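Here's the letter readout for the chains.
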Amino acid sequence: MKKKTPWLLTAGLVLFLVGVYYSLTRENSVFHAVNPLVTPITGSGEATSSGQISNTATNTNTSVNANTSVQTNPSVPLSPEDQRKMNILKEIFATKQDNDPRMDTELSNLSPSMKKGLQEFYHTIPAEKLNQRGTIAFLLGRKLETVDDVDFLKSVLMEKLCLSLADCSKPAAPSSGEESHLDGINETTAAYPQLMAIRSLSTQYQELSSNESANKAMMDHIVDALHEALHSQNARSALEAEKVLRAIKR
Amino acid sequence: MRKTQAIWFLFFIAQLSFASTHIHLQFDSEVEAPLRAQILDDLKFMGQVQGTQATPLHQKVFGPVSGASYLQFFQNRVFNVGKSLCGDDHAVACVLSLWDNYIFITPNYTKFDHPQMARLSVIYHEARHTEKNQGNWPHASCPKPFLDQRGQNIVSIWTGAMLAGESACDATAFGSYGVQTILLKNMAEHCTNCNEKVKADSELFGSDQLNRIIDTQSRAQLEKDFAQK
């Protein structure tokens, strides 16, 4: 056994390394998405730092909805840099990988023209694409700097209720009993753009209120937008707006 | 005997290298490639999560906030993925009582544009329902009346149907809603390689599911757990 032990250990190590190699290259591996050996189906192919979840995806369902046409003639032309950012966002939407690190590294500190471009893009997205719309509300809501920024979120709050996740214009069939047990998730998604808008308005208000020299007019404008949400057909967003207004005592 | 031991030792070493990084799921042939790819992509994301802390209840249910913990939780419960309409136009996933360690995915998993964390929380909710030794963690009937924070009846925003009396609540912190909430709240607070959107989504959907915990003590237990930062 003594003589055989080094052989056993060596064989075990070799097998382990072979297993790791296959793990890196097989589709069902958690590392598949970050493996530089694998050609991504979509994505810019940017290298990711270790420990970051990759922006590549193996999802074959990567085609963007035919109705989701990016506006080719925006009222304000995008700069090359803004167009690059817009393309990144489209890639993220196509892969459905919400945790793409570029959401934070590239799609923040947006220029005024990029904000305008995103607002226009928002309106081209079908109403049923609630995560896409909500993501844009999230990105635009990260930094509310002007009255226009707030007005956009206010317009999101005043949108008609999406009547069902399959087709916002058609009422959902009723469900009951066990079937209704995950309707909470569905209803939150149905209100997702509005809930993201309320979250952004609330966060911005709290930031402003902690600053003595804050823009009071901007704070009032935020409160007005939240008050409008109280009249929303969407009970979920009306309730959320009420909670926020109660918390800020306005 | 020694040869047999040696062979088993080598086999074990080989399996270790696969097991830690491999998602082991059997898909029924009806599960189309795009649906399969989406589930695998979503689970791969979960498998790569990193965190530095976890609340006590998260430690109890999942262990640390880590991809390995999340994959282990899921794969200890779900061995097979099938496709079904789940008897509901809105359903994304379900479990069926006669099918052990199976979850069924509907086409809505990719058709509906849920945020990724919402999709994932649903399949983790369903994974909890596969635990036969816990009676599949059945839901409790929502109380009558079932009121929101404004004191109004909680109803479907689409149909107006009341949730009161429906089997759509939990009276324990450890059922499917509780586990879903624990997962989401810990992702929101302790995931160190999640972007801001994913953390915001986790917080949003986690708070939503907390509303289905109707037992006062269980709810207090969860709220106390999430307050530990």
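Residues numbered from 1 in each chain as written. Chains lettered and ligands numbered in written order. Predicted model: local features only at pLDDT ≥ 70, side-chain atom pairs only at ≥ 80, totals over all residues. Heavy atoms only, no water.

Side note on the overall build of chain B
Then, number 1: Secondary structure assignment for chain B yields nine helices and four strands.
Then, number 2: The order of helices and strands in chain B, counted from the N terminus, is α-β-α-α-α-β-β-β-α-α-α-α-α.
Then, number 3: Here the C-alpha radius of gyration of chain B, 19 Å, is about what a compact globule of 229 residues would show, namely 17 Å.
Then, number 4: Reported as C-alpha extents along the three principal axes, the dimensions of chain B are approximately 70 × 40 × 35 Å.
Then, number 5: Looking at chain B as a whole, 59% of its 229 residues qualify as buried.
Then, number 6: A separation threshold of at least 6 residues defines the contact pool for chain B, and within that pool the share at least 24 residues apart is 61%.
Then, number 7: Working note: accessible area of chain B is about 9,500 Å², and carbon and sulfur atoms make up 54% of it. (Helix = DSSP H or I, 4+ residues; strand = E, 2+ residues; numbered from the N terminus. Rg over C-alpha atoms; globule rule 2.2 N^0.38 Å. Buried < 20%, exposed > 50% of the residue type's maximum accessible area, 1.4 Å probe, protein only. Contact = heavy atoms within 4.5 Å. Areas by Shrake-Rupley, 256 points an atom, 1.4 Å probe, with all protein chains shown as cover.)

Some details on the confidence of the model for chain A
Then, number 1: On average, residues of chain A score 78 in pLDDT, and 72% of them are at 70 or above.
Then, number 2: Averaged pLDDT values for the elements of chain A fall to 68 in helix H1 (residues 4-25) of chain A and rise to 98 in helix H5 (residues 130-141) of chain A. (pLDDT = per-residue confidence, 0-100.)

What about the packing of helix H8 (residues 192-209) of chain A against helix H10 (residues 235-247) of chain A?
Residues and elements named next belong to chain A.
Then, number 1: In contact at an axis separation of 9 Å, H8 and H10 are set at 10° when each is read in the N-to-C sense. Classified by the angle between their axes, H8 and H10 sit roughly parallel to one another. Contacts from Gln194, Leu195, Ile198 and Ser202 in H8 reach Arg236, Ser237, Glu240, Ala241 and Val244 in H10. (Axes fitted to C-alpha atoms, helices over the stretch in contact; angles between N-to-C directions. Parallel < 35°, antiparallel > 145°, perpendicular 65-115°, else oblique.)

Some thoughts on the pairing of strand S2 (residues 80-83) of chain B
Then, number 1: Pairing analysis gives two bridges linking strand S1 (residues 26-27) of chain B to S2(B), with the strands arranged parallel. Bridge pairing in S2(B) places B:Phe27 opposite B:Val81. (Pairing = 2+ DSSP bridges.)

Details of the side chain of B:Asp225
Residue and element names in this part refer to chain B.
Then, number 1: Along the chain, aspartate 225 turns up in helix H9 (residues 216-227).
Then, number 2: Within the buried core, aspartate 225 has no salt-bridge partner, and the shortest N-O distance to an opposite charge, that of lysine 224, equals 8.9 Å.
Then, number 3: There is a polar contact of 2.9 Å between the side chain of aspartate 225 and the backbone nitrogen of leucine 57.
Then, number 4: Setting aside chain neighbours within four positions, we find aspartate 225 in contact with Thr55, Pro56, Leu57 and His58. (Lys, Arg positive; Asp, Glu negative; His and termini not counted. Salt bridge = Lys/Arg side-chain N within 4 Å of Asp/Glu carboxyl O. Polar contact = N/O pair within 3.5 Å; in protein donor to acceptor, adjacent residues only side chain to side chain.)

Observations regarding a nonpolar patch on the surface
All names here are of chain A.
Then, number 1: A surface patch of nonpolar side chains, amounting to about 290 Å² of accessible area, comprises Leu13, Phe16 and Leu17.
Then, number 2: Tracing the backbone shows leucine 13 in helix H1.
Then, number 3: Note on leucine 13: relative accessible area 53%, which makes it exposed. (Patch = residues over 30% accessible without salt bridge, like charges linked within 9 Å, V, L, I, M, F, W, Y side chains within 5 Å.)

What about the nonpolar core?
Then, number 1: Counting 112 residues, the largest nonpolar core has B:Leu43, B:Ile123, B:Tyr124 and B:Met187 as its most contacted members.
Then, number 2: Examining the composition of this core, we find that eight residues originate from one element, H8(A), more than from any other.
Then, number 3: The contacts of B:Ile123, once residues within four sequence positions are left out, are B:Leu43, B:Phe74, B:Ala93, B:Ile103, B:Ile105 and B:Tyr109.
Then, number 4: Within the second largest apolar cluster, five residues are counted, among which are B:Cys86, B:Ala91, B:Cys94 and B:Phe104. (Core = buried A, V, L, I, M, F, W, Y, C linked by side-chain atoms within 4.5 Å.)

Describing the packing of helix H4 (residues 112-124) of chain A against helix H6 (residues 147-157) of chain A
Residue and element names in this part refer to chain A.
Then, number 1: At a minimum axis separation of 11 Å, H4 and H6 run at an interaxial angle of 10°. By the angle between their axes, H4 is roughly parallel relative to H6. Facing Lys115, Gln119, Tyr122 and His123 of H4, the residues of H6 in contact are Asp148, Asp149, Phe152 and Val156.
Then, number 2: Partitioned by chemical class, the residues of the contact of H4 with H6 number three nonpolar, two polar and three charged. (Nonpolar A, V, L, I, M, F, W, Y, C, P; charged D, E, K, R; others polar.)

Overview of helix H7 (residues 176-190) of chain B
An α-helical segment advances 3.6 residues per turn. Residues three or four places apart therefore align on the same side.
Then, number 1: Helix length check: H7(B), at 15 residues, gives a terminal C-alpha distance of 21 Å against a target of 21 Å (1.5 Å per residue), a fit within 8%.
Then, number 2: Burial runs high along H7(B): 14 of the 15 residues are buried. (Expected span 1.5 Å × (residues − 1).)

Observations regarding the packing of aromatic side chains
Then, number 1: Tallied over the full model, the rule gives 12 aromatic pairs over all chains.
Then, number 2: Note on A:Phe93 and A:Phe121: the rings are 6.3 Å apart at their centroids and 35° apart in plane angle, and the pair reads as tilted. With A:Phe93 in helix H2 (residues 80-95) and A:Phe121 in helix H4, the pair connects residues that are 28 residues apart, well separated along the chain.
Then, number 3: Since its relative accessible area comes to 10%, A:Phe93 is described here as buried.
Then, number 4: An aromatic cluster of at least three residues, connected via ring pairs, comprises B:Phe62, B:Tyr70, B:Phe73, B:Phe74 and B:Tyr124.
Then, number 5: Here the guanidinium or amino end of B:Arg77 rests over the ring plane of B:Phe73, the centre of that ring lying 3.7 Å away. (Phe/Tyr/Trp six-rings, centres within 6.5 Å; stacked < 30°, edge-to-face > 60°. Lys NZ or Arg CZ within 6 Å of the ring centre and 35° of its normal.)

Quick look at the side chain of B:Asp42
Then, number 1: Mapped onto the fold, B:Asp42 is located in helix H2 (residues 33-47).
Then, number 2: With relative accessibility at 0%, the residue B:Asp42 sits in the buried group.

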